[in-house]
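Fold and geometry: a report
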Amino acid sequence: MSKIIETVDVDVPVRTAYDQWTQFEEFPLFMEGVEKLEQLDDTHIAWTAEIGGMTKRWIAEITEQKPDERIAWRAVEGAKNSGVVTFHRLADEKTRVTLQLDVEPEGPVEKVGDALGFVARRAKGDMKRFKEFIEARGSETGAWRGTVASGSGH
C-alpha cells in the first residue's frame, strides 16, 4: 500500500474549499486521469479513471464527513484505495487542504508506476489544480453540507 500526503493552501474561506470538494462529479475538471464520477447516493461514488494507461473503475464509500473539517472514504469495490481530505482554517480567506491517500497498486504496470512515484506526482498536480480551480472561481460550484458519522455503517 502506498501512502501519499499532499497539502495545498488555497486563498478562499474554509467553507468554500470544503463545499467545492463535496462536488465530486466535478473532480475531472482538476484531477488528471479522472474521466467520470457519479454520485450514487449520499455516501457512494462511482469512479472511472485512467491509471497507468488502463481504465479503472471503483466504488468509494464515504465513511466520515464533517462539514468544513474532513471527508474520509474507502473503496468498497474495484481498485483498492482509501483516504481522507482535511480542511484547516488559516485565516478568513486562507485554507489548508491536506489529502492523505492510500493506494494499493495492482499488477506489474501499476507497481512500476507506483515505484516511480507516478501516483504521488499525480496527487501533487491534482492539489495544485484544485487550488487554481477554486481560486480562479472564487466561489464553490455547489455544496453538500450533510454529515456522515464515522462507523455509521452506510
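Just so you know, these numbers come straight off a predicted model, no measurement behind them.

What counts and how
- Residues numbered from 1 in each chain as written.
- Predicted model: local features only at pLDDT ≥ 70, side-chain atom pairs only at ≥ 80, totals over all residues.
- Heavy atoms only, no water.
- pLDDT = per-residue confidence, 0-100.
- Helix = DSSP H or I, 4+ residues; strand = E, 2+ residues; numbered from the N terminus.
- Phe/Tyr/Trp six-rings, centres within 6.5 Å; stacked < 30°, edge-to-face > 60°.
- Buried < 20%, exposed > 50% of the residue type's maximum accessible area, 1.4 Å probe, protein only.
- Salt bridge = Lys/Arg side-chain N within 4 Å of Asp/Glu carboxyl O.
- Core = buried A, V, L, I, M, F, W, Y, C linked by side-chain atoms within 4.5 Å.
- Contact = heavy atoms within 4.5 Å.
- Pairing = 2+ DSSP bridges.

Moving on: the confidence of the model for the chain. Summary statistics for the chain give a mean pLDDT of 90 and a share of 92% for residues scoring 70 or more. Of all helices and strands in the chain, the one with the weakest mean pLDDT is helix α2 (residues 107–115) (62), whereas strand β6 (residues 81–91) scores best (97).

On to the packing of aromatic side chains. For the structure shown, the criterion picks out 11 aromatic pairs. Centroid distance F27 to F30: 5.5 Å. Interplanar angle 55°. Geometry classified as tilted. The same class applies to F27 and to F30, which are both buried. Relative to F133, the ring of F30 has its centre 5.6 Å away and its plane inclined at 40°; by these criteria the two rings are tilted.

With that settled, consider the pattern of salt bridges. Using the criterion set out here, one finds 15 salt bridges in the structure. D9 serves as the salt-bridge partner of R96, at 2.7 Å between the closest nitrogen and oxygen. With R96 in strand β7 (residues 94–103) and D9 in strand β1 (residues 2–10), this pair connects stretches of sequence that are 87 residues apart. Linking K66 and E64 is a salt bridge whose minimum nitrogen-to-oxygen distance equals 3.6 Å. Taking relative accessible area as the criterion, K66 reaches 36% and is therefore assigned partly exposed.

Core analysis: the biggest nonpolar cluster contains 38 residues, and W21, W47, F87 and V97 have the highest contact counts within it. With residues near it in sequence (within four places) discarded, F87 still touches V14, A17, Y18, W21, D68, E69, R70, I71, T95, R96 and V97.

What follows is about the pairing of strand β4 (residues 54–66). Where strand β3 (residues 44–51) meets β4, eight bridges bridge the pair, whose relative direction is antiparallel. Within β4, the position partnered with I45 by the bridge is A60. Linkage of β3 to β4, two consecutive antiparallel strands, is achieved through a turn of two residues, within which G52 is found at a positive phi near 60°. Summarising the sheet, β4 and strand β5 (residues 70–78) pair through eight bridges and their orientation is antiparallel. Across the sheet, A60 pairs through a bridge with A75, a residue of β5. Counting the residues between successive antiparallel strands, the hairpin from β4 to β5 contains three residues, one of them, D68, with a positive phi of roughly 65°.

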